[in-house]
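# A closer look at the structure
Chain by chain, the residues:
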Amino acid sequence: MTTLSAPQMAALIAVMAAATIITRFLPFWLFPASRPVPGAVRYLGRVLPYAVSALLVVYCLKGVSPTVFPYGLPEALSILLIALLYRWKSNVLLSIAGGSVCYVLLIQTVFR
């Protein structure tokens, strides 16, 4: 393992701080309030949240095998709970938190 010297550490921190600042301010520089937002950016703002959510669901379920115990039951029950909670309260955070807690409890207790 390599140890960084004090100047190297300072340079590393400065680069990370600059990168963080640039990524925070870049959208405001590229798309000032005085100009309309380009159509492509508006389109991506509409479709990307759903695409990312679908990608996360596929990624989370890729290792589930319906032929091996527990046959995907913890995942199916958690997804069902997420859907029911969202339909009941229309709150994404509550739905995700409830489904996550349900999944963890199921795999740690019931389907051990």
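Refer to the structure above for everything that follows.
Residues numbered from 1 in each chain as written. Predicted model: local features only at pLDDT ≥ 70, side-chain atom pairs only at ≥ 80, totals over all residues. Heavy atoms only, no water.

## Concerning the overall build of the protein chain
Basically, it comes down to this: Where helices and strands are cited, they refer to DSSP runs of H or I of at least four residues and of E of at least two residues respectively, numbered from the N terminus. For the radius of gyration, the atoms used are the C-alpha atoms, and the globule rule reads 2.2 Å times the number of residues raised to 0.38. Each residue is assigned to one of three classes by its accessible area relative to the maximum for its type, calculated with a 1.4 Å probe on protein chains only: buried under 20%, partly exposed between the two thresholds, exposed over 50%. Throughout, a residue-residue contact means that at least one pair of heavy atoms, one from each residue, lies within 4.5 Å.
The helix and strand tally for the protein chain stands at 4 helices and 0 strands. For a compact globule of 112 residues, the expected C-alpha radius of gyration is about 13 Å, and the protein chain comes in at 22 Å, more than 25% above that figure. Within the protein chain, buried positions represent 10% of all 112 residues. Within the protein chain, residue pairs in contact and separated by at least 24 positions form 38% of the contacts whose partners lie at least 6 positions apart.

## Remarks on the packing of helix 3 (residues 73–89) against helix 4 (residues 92–110)
As a reminder, the rule being used: The axes used here are C-alpha line fits, helices contributing only the stretch in contact, and every angle between their N-to-C directions lies in the interval 0 to 180 degrees. If an angle is under 35 degrees, it is roughly parallel; if it is over 145, roughly antiparallel; if it lies from 65 to 115, roughly perpendicular; otherwise it is oblique. Handedness of a helix crossing follows the sense of rotation of the near helix relative to the far helix, less than a right angle counterclockwise being left-handed and clockwise being right-handed. Lys, Arg, Asp and Glu make up the charged group, whereas Ala, Val, Leu, Ile, Met, Phe, Trp, Tyr, Cys and Pro make up the nonpolar group; the residues left over, Gly among them, are polar.
Packing of helix 3 against helix 4 leaves a shortest axis separation of 8 Å and a crossing angle of 155°. Classed by the angle they form, the pair helix 3 and helix 4 counts as roughly antiparallel. As helix 3 runs across helix 4, the sense of the crossing is right-handed. Across the interface between the two elements, P74, E75, L77, S78, L81, I82, L85, Y86 and K89 from helix 3 touch V92, L94, S95, G98, G99, C102, Y103, L106 and I107 from helix 4. Of the residues belonging to the contact of helix 3 with helix 4, the class tally is 12 nonpolar, 4 polar and 2 charged.

## Overview of unusual backbone geometry
The linkage connecting F69 with the following residue, P70, adopts the cis geometry, with an omega of 10°. Along the polypeptide, P70 turns up in the loop between helix 2 (39–61) and helix 3. Within the chain, Y71 stands out as a residue other than glycine whose phi angle is a positive 60°. Among the secondary structure elements, Y71 is positioned in the loop between helix 2 and helix 3. Although it is not a glycine, S90 adopts a positive phi angle of roughly 55°. A relative accessible area of 52% means that S90 is categorised as exposed.

## Some details on the state of the cysteines
Covalent bonding between the sulfur atoms of two cysteines is what defines a disulfide. Put simply, the rule is: Whenever a pair of cysteine sulfur atoms sits within 2.5 Å, that pair is classed as a disulfide.
Counting across every chain of the model gives 0 disulfides. Left unpaired, C102 is separated from the closest cysteine sulfur, that of C60, by 14 Å. C102 gets classed as buried once you look at its relative accessible area, which sits at 17%.

## A closer look at helix 1 (residues 6–30)
Inclusion rule: In this scheme, a helix's expected span is set at 1.5 Å multiplied by one less than its residue total. Throughout, bend refers to the angle between the axes fitted to the seven residues that end at a position and the seven residues that start at it.
For helix 1, which comprises 25 residues, the first-to-last C-alpha distance of 35 Å matches the rise-based estimate of 36 Å (1.5 Å per residue) to within 8%. For helix 1, the principal kink sits at R24 and spans about 35°; a proline, P27, occurs within the next four residues.

## Here's the deal with helix 3
In plain terms, the rule: The directions considered for the arc are those from the helix axis to the C-beta atoms.
Here helix 3 is 17 residues long and its end C-alpha atoms lie 24 Å apart, about the 24 Å a rise of 1.5 Å per residue gives. Here helix 3 has its buried residues at P74, E75, S78 and L85. Seen end-on, helix 3 carries its buried residues on one side only, within an arc spanning 95°. Opposite the packed face of helix 3, turned more than 90 degrees from it, sit the exposed residues L84, R87 and W88. The elements touched by buried residues of helix 3 are helix 2 and helix 4. Immediately beyond the C-terminal end of helix 3, within one or two residues, lies S90, with a positive phi of roughly 55°.

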